[in-house]
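What follows is each chain in one-letter form.
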Amino acid sequence: MEGCRLRKGPYRGDVSALCLISSPVDRRLLLAGTGPHLLLYEILTGTLLSSIDAFDGVRVHGICCGPAIRRKSDPTSSNGLFTVLVHGERRVKVFEMLCLHKGENPQLQLLQSLPRFSHWVMDVRLFPSYEDKFQIPHAAGTEVVMLLAVGLSNNTICLWDLLNFAILYRVECSERLLLYSMRLWGNSPETLHAGVGTIFNEVLVWRVGHQVAAVEDSSRRLTAQRVDQVLQGVSTYRSTEPLSVIEEVVEPLQTLAGHEGSIYRLTWSTDGLTLVSVSDDRSARVWHSGGRDNNTGDQWVLPVKVGPVLYGHGARLWDCYVSEKLLITASEDCTCRIWTTDGNCLTTLKGHQGRGIWRCVYDPDLNVVVTAGADSSIKIQSLDKWSQRIDTGVLDRHIDSNARGSQSKQEVFSINPVWSDATVKGSGYLDSKSEYVRCMRLSDQSSLYIGTNQGYVYHVQLSQNQEPGWTTLVDNLGAPVVCMDVLVQSKSKKNEDLRDEDNHQSGDMVVVGDGKGNVTVVLVKTGAQKHCGWRYTWAAEKERQLLGVFWCKSLEGRYVFTTDPKGAFLMWCLSGMNHGNSSSNSSPDTSAIDEAKVAEIKTKDSPVLVAVGKCSYGRVVCMDVCPTQQLVVCGEKQGSLTVFSFPRNILKRCEDTQHLSQSSSDTPLQLQSVAVFKGAHGISAVTHVSFVPKQSREQAKILSTGRDGCVCRFHLESHVAATVSPQILSCSGIEKVAAVSMLECLEHTNGAPNWTNLERRIAVGFTGSDFLLWDTTHKSELLRVTCGGWRRPFSYIVGEMPDFQHAFVFVKGQVIQVHRHWINSIGAALAKAELDVATQSLRGQFHGKEINSVQIFRCVGATRAQAAIDLNVMIATGAEDGTVRISSYLEGKQEQLDANLVLGDHVGGSAVRCLTVVDKIHSLGKGLDLDRDPGERLESCSGDGGRSDTRQYLFSAGAKEVLTCWVLDWLPETLDGEEPYVGKEKTGQSPPSAYENLQEVIALNSSKFTSQWLSTRMPQRKRLPASSRDGEDSSSDFKNLSNLVTQLATEEDDKKGDIVIATKVDDDDHRYLAMTAFAVRCANTRKVVCFVVTASSHAAISLHAFHVATRSWVEVATLDYQEAPVLTIEHIVAPFSSPLSGSGDAYIVLTGATNGNIALWDVTCAVADYNKSGGLDAQESVVSVSRPLTGRGSQGGRRRQTREELKLAKKSKAKFGKLKGDDPNENIDSCMQVSTSCGVSEFVNDRDTCPPTECVRFDTDEQSGAQVHDTLLNLENIPRSPVLSFLQEIVAPHQSGVNCMSIARLQNSGEEASGTADMVYMVISGGDDQAIHLTTFKFMNREAEDSQGEALKQTCLVLQCLSRSTIACAHNSAVKGIWTDGSWVFSTGLDQRLRCWKIKDEFCIEQMNLCQSSVEDSRGVKSVSPLVECMSCVIDTPEAASLHVSCSSLGKYHIAVVGRGLQVINFDSMSALR
């Protein structure tokens, strides 16, 4: 159609091809193929140089690089760097890499596109001609003859003449069969060999025949004919004479047997003497040539030498690489293994996820491995730590795997202690009087502080080449050192009282606690040598009651916190200490211990206890203070978090030293706890907790790590500074670091100089007995040290560039072991090219498995530049890998899709089947204004009526019937520096003062996007009557809870009392197949409830209510439909008005099932009855907020029951007793409605109140991690949800399943203010029958005097069908996605096509005439096809599964298609007017 434009956008999917290029301009380049696109990266800088489309809808299968094609008469011929060959399916294209000007990035230019081959192309190889005699005198210049070898899947090789555009030679192996793989090797056409993997699990090696020598003569003859044509003025480069192709059949040289599965990949060594094959039998095999034949000179005629067989992967192998010193294999288990040539495994590289690693390549010069796979990421991993082992090729199993690096880069050494003890040499045993290391802390890469069992504190200067320097800081405290902390002081005016004013030196402040309860603070000055500046000791606790001492960086060195075993912590102020009068200021001689000791400050200058707090669930093991937000957060040993109020007057009081000394005897301030989150890390200890830099005035954000291997994000809702009233500490998300089983901390760094504006997150922890540094940004391992676990003393430090700056020390056998890699001058090393290539990701991760659902929506909250923001959209995707991701897309920029945010994982890794976004509030009730703003936003999740203009809610559902809700939010626009700019601290950039250009607008808006996990609903394992235990199949009678209630009620008619029926668990693993949701605000309570309609795989359709304020789920009704499962669900909100019920909205749900029928449901009355019944009010007094179920202790660990829960269990057991025939050890609860929770946020002032039964937590199965609902079905406790019948059914619109559906109001069919009478709606659907069906209908009000009085309980509407039409064969395969807005229709299917349909104007006029007529025909009227296809294109996403569209007011449509990847297509319906 004229005036419209359809343009394909970026594709984000698996990477299927890699090729390394050594540029002559000393630039390391990498070509990657993803979908039909070619991406060009520079390895050293990690930047994307260019991107082009190699094919149209065809995935790139392989990339090969060859010499550049030179043109003798072309002056720019020297700019050609390489010739790039790209093949996919049956297509081959030839590109030239150009660098037109010095300093510019190389560009790819298409030279030639070969015609379509009859079979799939398996491999290509380029051969230049050695003779260069023929020149064609024309303006374009003369090209050297180039031959291209193309290997096909029918075991055939063709030689293609690039200059003459013709096939000159075709050779076929006598073994005629289809292939799984083929790789070519040879330096010339005469030496061309082929290694192929057959369907019979064998490897064949064969070479071209002797007639290949005549190919060069044929090429010369064709070139001469072309010269004559040019001289005669014929404008063609092809010869007009018919071409005779040389054909030949050859016998295989070798048949290599040994694999037990299909052979997916082969690779040749550079000399062609070694061939490596990988198979789905999880092995790789190495085959060596027996030598060259003396007569023929062929190197694969003699018997083959079988090399090592490589086992170790846990799944199929997809790719391999061989060099002179190592072998590399890539597998479906998402690992890449490095092997020596003799078959020993050096290491296993991890970091990918999903279906596996498709490709791996190796750069021997940089000593890096590049891997890419199904998760769309491209990772560069350095092998420098194994470089010495690779060079020698010998595996010494007695050497630590982490000590294998070159000594100049990775330092590994040990330090013996200075004390003389028999245990140091291993000849004695440790006891309470032995001297050994109890605590150790690193302040920098060369300074280590040690606390011993006999009360000594040492400083050790770490050095590998020199003797370590030991300095005694504290001599014999008289008790063991039980805890230690170090604060690195900086040169700051704020700390002038804590440093040497004469020498102007900064220093480290060391605080230790001993077994007698004393605290000692030591200032260690950083001069030429470390020495003690001053020291002070005071009694903080009773003997054996001091377990922890802490500094807080935000309070600098003026305050010390101490903790005891009962959960209490004390805050001590050091500001009143007169350090300047200490005798230590004279810089004493550190060689003499007596001189190193300083005069201790007496009672008049003693530290003052200024504040006290206490946690209720365990002792404090970590803490942090945020003075600006006036809060203190404590992490406890049993996994809980407690937040205390921290008034600012504490700091003001401490700053007044005169007042402090006078009031030292005053009672310290009692800090009040304002929020508690029980079980934040399950039963595992919290290892680190910190406040996130403030981004919003309404919330305080907290980040914690624990030994459950999880990183948890929390926020304090409705935060008011310095308040002591109870508040809600909510979990906004959890990230499970799979590589680290026990997480100690999450370090944030800036990355490296060549990674601009990139913040890296380094997870520090333990996996078994190994210490691990794991880059969560690039999903790669930086350091692994076998140390024996976290229970022995250890310390670590990570620099700003963790690849080159990290150190780890630990104690093993009473000897201090040091592992250090530290380069101080990174910039100088980078300039001298002395810096190794760091481990990094050229491309971030995406879904590693098939994407099932997509939702595309627009950014909100930027009113000043709304027209610009319309170009920026957010895309939510849910996949089989169980994750939900949010991607940002800006039209015209492919790298926008590379930045995506992982919202979270479903419980147990359950697949995500469907997504839906809720961003509008609809009305319900009498007398509401129908002319309300349709874009009214939802209220804040706390329900307090806070900021509500930018919130959106995302619901996800999928396998195991898991239903999860996230809130998506954009921080409000900030001007004039009201709020700190996000990312300013890391990037060094200042916020834009005004919207100068579009890029700044998008960058500012995207940086303020936040997400928060709200709630997860787990399925309740339903229990069937005891009669079914005998083997009777009663599943059809109990498809949903409402049918079960009805059956039980019938059986209870003749019984008296609360008799419980013995039941058993229905263990069927069902999944949600479809979902839709809408939000309703009650007219009376003004509260918002999200109603979610779900369809399960066992043909059950349920209506759930999600209370935003309380985060609780309630099953409202059951839609009693049909036997066939529902595949798609949509809803529409229609304005409704009647004299009796008033004005409001009618809520209609549409379902499409596998039998091809579409049903319409009216759930308006069910929603209204639920709100009127007090469903909202019943939940207001209870706030039970849990964290996502992930990590040790939250899924598999046992939970400690509270006293109230134990009492409730005893009452339940006393009331019901044991079930007859049930397991006596079975857990019995007294109710059916239980919310999932492993961590609970509570009001701290209401701990003694027993929560209602619907918010009581339940135990978890320790082995399987699944929720155990062994509850009783008591008739009084089962919610009696109503059963709704469908309003009308559209019979057989499709011959098979309805895969997708969309509903909208027909354009120009009436206004909302007129009610439902004049509005025409259309529902359009696509099915497995390749057809598109369209039905139009309208709603009519049913008055109260209707004879069908019983039906009024469920619906007040009557549906009148206006027309039905079907477009047969709309696609060449099943239709999987469809969307309409009443004017345009977009559809996609398995035929990999996107089609754009326009709804005819005459059809809209016809439907309006039918709507206004009084004729009622429920069967509908068949009319002419209402759609006309305007445009179509081939999409790059294989196996399309879903489609969603976002439309702007300017007539621009962003179409997101998902399947095996994600692609965005842009459609402009008014391009002619722009």
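All figures in this text were calculated on a predicted structure; none of them were measured in a lab.

### Comments concerning the overall build of the chain
At step 1: Summing up its helical and strand segments, the chain has 13 helices and 92 strands in all.
At step 2: Counting over 1474 residues, the chain shows a buried share of 59%.
At step 3: Across the chain, every contact between residues at least 6 apart in sequence was considered, and the portion connecting residues at least 24 apart equals 61%.
At step 4: If you sum the accessible surface of the chain, you get close to 59000 Å²; carbon and sulfur atoms cover 47% of it.

### With respect to the nonpolar core
At step 1: Counting 37 residues, the largest nonpolar core has Val 643, Phe 714, Leu 729, Ile 886 and Leu 954 as the members making the most contacts within it.
At step 2: Of the residues forming this core, the biggest block, four residues, is contributed by strand S50 (residues 710-717).
At step 3: In this structure, Val 1080, Val 1114, Tyr 1147 and Ala 1159 belong to the second largest nonpolar core, which totals 28 residues.

### A look at the pattern of salt bridges
At step 1: This model, assessed by the stated rule, comprises 24 salt bridges.
At step 2: The closest approach of N and O atoms between Arg 28 and Asp 363, which form a salt bridge, is 3.8 Å. You can see Arg 28 sitting in strand S3 (residues 28-34) and its partner Asp 363 sitting in strand S27 (residues 357-363), a full 335 residues away along the chain. Side by side, Arg 28 and Asp 363 carry an identical accessibility label, which is buried.
At step 3: Between Arg 170 and Glu 247 there is a salt bridge, and its shortest N-O distance comes to 2.9 Å. Pair noted here: Arg 170 is in strand S13 (residues 166-173) and Glu 247 is in strand S17 (residues 246-250), with a separation of 77 residues, a long-range link.

### Notes on the pairing of strand S67 (residues 963-970)
Side-chain direction in a regular strand flips from residue to residue, so the side chains alternate between the two faces of the sheet.
At step 1: The buried count for S67 comes to eight of eight residues, which makes it a mostly enclosed element.
At step 2: Side chains of S67 alternate between two faces, with Leu 963, Cys 965, Val 967 and Asp 969 and Thr 964, Trp 966, Leu 968 and Trp 970 buried alike.
At step 3: Bridge count for strand S66 (residues 952-958) against S67 is six bridges, and the pairing is antiparallel. Of the residues in S67, the one forming a bridge with Ser 956 is Thr 964.
At step 4: Between the antiparallel neighbours S66 and S67 lie four residues, among them Lys 960 with a positive phi of about 60 degrees.
At step 5: Taken together, the eight bridges between S67 and strand S68 (residues 1009-1017) define a ladder with antiparallel strand orientation. Along S68, the bridge assignment pairs Trp 970 with Phe 1009.

### Considerations on the sheet that holds strand S4 (residues 37-42)
At step 1: Within the open sheet, the four strands sit side by side as S2-S3-S4-S5. Their pairing is antiparallel. Both edges of this open sheet fall to strand S2 (15-22) and strand S5 (47-53), since each of them pairs with a single strand only. Averaged over all neighbouring strand pairs, the angle between strand axes comes to 20 degrees, with direction disregarded.

### Here we look at the packing of aromatic side chains
At step 1: Using the criterion set out here, one finds 36 aromatic pairs in the structure.
At step 2: Relative to Trp 538, the ring of Tyr 536 lies with its centre 5.7 Å away and its plane at 25 degrees, an arrangement referred to as stacked.
At step 3: Classification of Trp 538 by relative accessible area gives buried; the value is 8%.
At step 4: Ring pairs connect the aromatic residues Phe 766, Phe 771, Phe 794, Tyr 796, Phe 808 and Phe 810, which therefore count as one cluster.
At step 5: Just above the ring of Trp 790 sits the side chain of Arg 707; from NZ or CZ to the centre is 3.7 Å.

### Remarks on the confidence of the model for the chain
At step 1: Across the chain, pLDDT averages 75, with 67% of residues at or above 70.
At step 2: For residues 72-78, every residue scores under 50 in pLDDT, and the model assigns this stretch ten contacts once sequence neighbours within four places are set aside.
At step 3: Counting interchain partners and residues more than four positions distant, the pLDDT-below-50 stretch residues 1243-1279 has 112 contacts.

### Description of the environment of Leu 98
At step 1: Tracing the backbone through its elements, the reader meets Leu 98 in strand S8 (residues 91-98).
At step 2: Along the primary structure Leu 98 and Phe 82 are separated by 16 residues, whereas in three dimensions their C-alpha atoms are 7.6 Å apart.

### Examining the side chain of Ser 279
At step 1: As for its position among the elements, Ser 279 is in strand S20 (residues 274-279).
At step 2: One polar contact links Ser 279 to Asp 280, side chain to side chain, over a distance of 3.4 Å.
At step 3: Dropping the residues within four chain positions of it, Ser 279 is found in contact with His 259, Gly 261, Ser 262, Ile 263, Tyr 264, Arg 316 and Leu 317.

### With respect to the pairing of strand S25 (residues 336-340)
At step 1: Taking burial as the measure, the five residues of S25 include five buried ones, the bulk of the element.
At step 2: The alternating pattern of S25 places Cys 336, Ile 338 and Thr 340 on one face and Arg 337 and Trp 339 on the opposite face, and all of these are buried.
At step 3: The antiparallel hairpin formed by strand S24 (residues 326-331) and S25 contains four residues in its connecting segment, where Cys 334 sits at a positive phi of about 65 degrees.
At step 4: What sits between S25 and strand S26 (residues 345-349) in their antiparallel hairpin is a turn of four residues, with Gly 343 showing a positive phi close to 95 degrees.

### Some words on the side chain of His 313
At step 1: Mapped onto the elements of the fold, His 313 is located in the loop between strand S22 (305-311) and strand S23 (317-322).
At step 2: Only 2.7 Å separates the side chain of His 313 from the side chain of Thr 329, close enough to count as a polar contact.

### Describing unusual backbone geometry
At step 1: Positive phi, normally seen in glycine, also occurs at Phe 165, with a value near 55 degrees.
At step 2: Mapped onto the secondary structure, Phe 165 falls in the loop between strand S12 (156-161) and S13.
At step 3: Positive phi, normally seen in glycine, also occurs at Ala 1292, with a value near 50 degrees.
At step 4: Topologically, Ala 1292 is positioned in the loop between strand S80 (1288-1290) and strand S81 (1298-1305).

### Quick notes on the sheet that holds S24
At step 1: Taken together, the four strands give an open sheet; going across it, the order is S23-S24-S25-S26, and neighbouring strands pair in antiparallel fashion. Lying at the two open borders of the sheet, with one neighbouring strand each, are S23 and S26. Geometrically, the sheet is characterised by an average inter-axis angle of 15 degrees between neighbouring strands, direction not taken into account.
At step 2: Bridge count between S24 and S25: five bridges; the pairing is antiparallel. Across the sheet, residue Leu 326 finds its bridge partner in S25, namely Thr 340.

### What about helix H11 (residues 1164-1172)?
At step 1: Among the nine residues that make up H11, seven are buried, leaving the element largely enclosed by the rest of the structure.
At step 2: For H11, every residue scored as buried is listed here: Thr 1164, Cys 1165, Ala 1166, Val 1167, Ala 1168, Tyr 1170 and Asn 1171.

### Quick word on the state of the cysteines
At step 1: For the structure shown, the criterion picks out zero disulfides.
At step 2: Distance from the sulfur of Cys 552, which forms no disulfide, to the nearest cysteine sulfur (Cys 634) is 8.8 Å.
At step 3: The exposure class of Cys 552 is buried, given its relative accessible area of 1%.

### Some thoughts on the environment of Val 785
At step 1: Here Val 785 lies in strand S55 (residues 780-786).
At step 2: With 34 residues separating them along the chain, Val 785 and His 819 place their C-alpha atoms 8.0 Å apart.

### Brief notes about the environment of Ala 1100
At step 1: Here Ala 1100 lies in the loop between strand S72 (1088-1096) and strand S73 (1101-1107).
At step 2: Sequence separation between Ala 1100 and Leu 1119 is 19 residues, and the spatial gap between their C-alpha atoms is 7.4 Å.

Thresholds applied
- Residues numbered from 1 in each chain as written.
- Predicted model: local features only at pLDDT ≥ 70, side-chain atom pairs only at ≥ 80, totals over all residues.
- Heavy atoms only, no water.
- Helix = DSSP H or I, 4+ residues; strand = E, 2+ residues; numbered from the N terminus.
- Buried < 20%, exposed > 50% of the residue type's maximum accessible area, 1.4 Å probe, protein only.
- Contact = heavy atoms within 4.5 Å.
- Areas by Shrake-Rupley, 256 points an atom, 1.4 Å probe, with all protein chains shown as cover.
- Core = buried A, V, L, I, M, F, W, Y, C linked by side-chain atoms within 4.5 Å.
- Salt bridge = Lys/Arg side-chain N within 4 Å of Asp/Glu carboxyl O.
- Pairing = 2+ DSSP bridges.
- Axes fitted to C-alpha atoms, helices over the stretch in contact; angles between N-to-C directions.
- Phe/Tyr/Trp six-rings, centres within 6.5 Å; stacked < 30°, edge-to-face > 60°.
- Lys NZ or Arg CZ within 6 Å of the ring centre and 35° of its normal.
- pLDDT = per-residue confidence, 0-100.
- Polar contact = N/O pair within 3.5 Å; in protein donor to acceptor, adjacent residues only side chain to side chain.
- Disulfide = S-S within 2.5 Å.

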